[in-house]
There are 2 protein chains.
Amino acid sequence: MKANERIKIRIAGSGGQGVVLASIILAEAAGIYEGFEVAQSQSYGPEARGGHCKAEVVISDAPIDYPRALNLDVLLTLNQASLDEYYYDLKESGVLIVNSDQCHNVLRATAYRIPFSTLARDSVGVPQTMNIVALGAFAGITGIVSPASLKKAVLARAPKGTEKANARAMNLGVRHGLEARENMKHRLPRKFSRLILMNE
Amino acid sequence: MKANERIKIRIAGSGGQGVVLASIILAEAAGIYEGFEVAQSQSYGPEARGGHCKAEVVISDAPIDYPRALNLDVLLTLNQASLDEYYYDLKESGVLIVNSDQCHNVLRATAYRIPFSTLARDSVGVPQTMNIVALGAFAGITGIVSPASLKKAVLARAPKGTEKANARAMNLGVRHGLEARENMKHRLPRKFSRLILMNE
């Protein structure tokens, strides 16, 4: 049975923060390892050339006709500029996850704030894994993809020699995501659990 | 002045052939380094889980509303299964580029046939660069992205330590693409040159 639930996610940051790769890993975790229907996309235009970077993932239990993510269910931003740029594309009931190291001015009280940059630099020891820490946190917070599926997808895309650091980054992100989830009084949108249940 | 030309490209192959990465590199070459408007996407569903892999790039001189590539202008296939699957999505006037090592049954007389696998294995010495050889050939044949832009995009995405092999793969692909282009009597669609001129 299909519920026709569709969750629209945007990941955004500056060029070099690994936004596109994070988005593809999330799409592959959900589409290949969890069995959802997934559309993943990015567009390049004047704003991309300005150093902005955004990528979108739509996850559904039914085929997706139109892959653009408007009226977002989840916005994950890695820096302040992208948060400012895309904040108003997020639904009122949507989930906001921010890199608290680079997003200081956050309008929403229910935002999940996790210091992805600090965690990648100090706890993983590899600043470049910041995007993977963020993905792990996404999984921990939303529950849409399991840590196991995400790990497979991360390892399938990790350059040779970086597997261990990426696995550590992911686990760390998941842990912080789960913790943030528990501390937050705000409820996740009910469609998240409907989608997850429908897929089982 | 905008001509509103739009070129729809699909790259397809089996999982592990680097289809998604090739598609992103092409999108970044065209969007970031050539200044076109570009939408890049892939979707994951039952067919992806069967080992198929396809990704799409739409290149335009004007903003792109609908990023899905239907009625293709260019189809680049890395194996026979993906050629069989997507052949009929290619316009009659479209450009077909195939990996002749893995595509033996090609219905179109005007197809560009280049042994990407052999070139990557024997001339570059790194079989995994097959997708980059194919991208180089795409650039040489179509002229839509310049070798210089493509090289920047390849190097920005190449994992550390693989830069030289990838640059060699790209140059080799471009050379074979240009050669194939000269030997082919078939004319490229006129919209290709209109798009290129409009961008200058």
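Residues numbered from 1 in each chain as written. Chains lettered and ligands numbered in written order. Predicted model: local features only at pLDDT ≥ 70, side-chain atom pairs only at ≥ 80, totals over all residues.

## Details of the overall build of chain A
Using the following cut-off: Strands are runs of DSSP state E lasting at least two residues, helices are runs of H or I lasting at least four, and both sets are numbered from the N terminus onward. Only C-alpha atoms enter the radius of gyration; for comparison, a globular chain is expected to reach 2.2 Å times N to the power 0.38, where N is the number of residues. Here a residue counts as buried when 20 or more other C-beta atoms sit within 10 Å of its C-beta, as exposed when there are 12 or fewer, and as partly exposed otherwise, the C-beta atoms being derived from the backbone. Contact criterion: two residues are in contact if their C-beta atoms, reconstructed from the backbone, are within 7 Å.
Across its full length, chain A holds 8 helices and 6 strands. The order of α-helices and β-strands along chain A, N terminus first, is β-α-β-α-β-β-α-β-β-α-α-α-α-α. Whereas a compact globule of 200 residues would reach a radius of gyration of roughly 16 Å, chain A reaches 15 Å, a difference of no more than 12%. With the C-alpha coordinates aligned to their principal axes, the bounding extent of chain A is approximately 45 × 35 × 35 Å. When the 200 residues of chain A are sorted by exposure, 52% land in the buried category. Long-range contacts, defined here as pairs at least 24 residues apart, represent 66% of the contacts in chain A between residues at least 6 apart.

## Concerning the packing of helix 5 (residues 130–142) of chain A against helix 7 (residues 163–183) of chain A
Residue and element names in this part refer to chain A. Definition in use: Fitted lines through C-alpha atoms give the axes, limited to the stretch in contact for helices. The angle between two N-to-C directions lies from 0 to 180 degrees. Should an angle fall under 35 degrees it is called roughly parallel, over 145 degrees roughly antiparallel, and 65 to 115 degrees roughly perpendicular, with every other angle called oblique. With the far helix as reference, a near helix turned anticlockwise by less than a right angle produces a left-handed crossing, and one turned clockwise produces a right-handed crossing. Residues are grouped as follows: Ala, Val, Leu, Ile, Met, Phe, Trp, Tyr, Cys and Pro are nonpolar; Asp, Glu, Lys and Arg are charged; every other residue, Gly included, is polar.
Closest axis-to-axis distance for the helix 5/helix 7 pair is 6 Å, and the angle between their directions is 40°. The pairing of helix 5 with helix 7 is recorded here as oblique in orientation. In this structure, helix 5 crosses over helix 7, and the sense of that crossing is right-handed. Per-class residue counts for the contact of helix 5 with helix 7 are 14 nonpolar, 7 polar and 2 charged.

## So, the interface of chain B and chain A
Selection criterion: Paired strands are those between which DSSP finds at least two bridges.
Opposite the 22 residues of chain B that make contact, chain A presents 22 residues. If one sorts the elements of the side of chain B that touches chain A by residue count, strand 2 (residues 37–44) of chain B sits on top with 8 residues. A class-by-class count of the residues in the side of chain B that touches chain A yields 12 nonpolar, 6 polar and 4 charged. In this sheet, strand 2 of chain B lies alongside strand 2 (residues 37–44) of chain A in antiparallel orientation, the contact comprising 7 bridges. Residue A:Val38 lies in a different strand from strand 2 of chain B, and its bridge partner there is B:Tyr44.

## Overview of the environment of A:Gln42
Along the chain, A:Gln42 falls in strand 2. Here the alpha-carbon distance between A:Gln42 and A:Arg10, two residues 32 residues apart in the chain, equals 9.7 Å. Setting aside anything within four residues of it in sequence, one finds A:Gln42 in contact with A:Val20, A:Ser23, A:Lys54, A:Ala55, A:Glu56 and B:Gln40.

## Points about helix 4 (residues 116–124) of chain A
All names here are of chain A. For clarity, the cut-off: Each C-beta atom gives one direction from the helix axis, and the arc is the one those directions make.
Looking only at helix 4, the buried set comprises Phe116, Leu119, Ala120 and Val124. Angularly, the buried residues of helix 4 cover 95° about the axis, an arc narrow enough to put them on a single face. Residues of helix 4 that are buried in the fold lie against strand 5 (90–99), strand 6 (112–114), helix 5 and helix 7. Backbone geometry just after helix 4 places Gly125 at a positive phi near 85°.

## Section: the packing of helix 1 (residues 19–33) of chain B against helix 5 (residues 130–142) of chain B
Each packed pair of helices is defined by two parameters, the angle between the axes and the distance between the axes. All names here are of chain B. Running from N to C, helix 1 and helix 5 point in directions that differ by 35°, and their axes come no closer than 9 Å. In terms of crossing hand, the pair formed by helix 1 and helix 5 is right-handed. Seen from helix 1, the contacting residues are Val19, Leu21, Ala22, Ile25 and Leu26; seen from helix 5, they are Asn131, Ala134, Leu135 and Phe138. When its residues are assigned to classes, the contact of helix 1 with helix 5 shows 8 nonpolar, 1 polar and no charged.

## Considering the relation of the copies chain B and chain A
Rules: Overlaid copies result from least-squares superposition on C-alpha atoms, with residues included only where pLDDT is at least 70 in both.
Rotating chain B by 180° about the axis while translating it 0.0 Å along that axis superimposes it on chain A, leaving an RMSD of 0.0 Å. Such a turn and shift between the copies fits a two-fold axis. Of the C-alpha atoms belonging to chain B, the one lying closest to the rotation axis is found on B:Ser41, 2.0 Å away. Interface overlap between copies is the fraction of interface residues in one copy that are interface residues in the other; for chain B against chain A it reaches 100%, indicating a shared surface.

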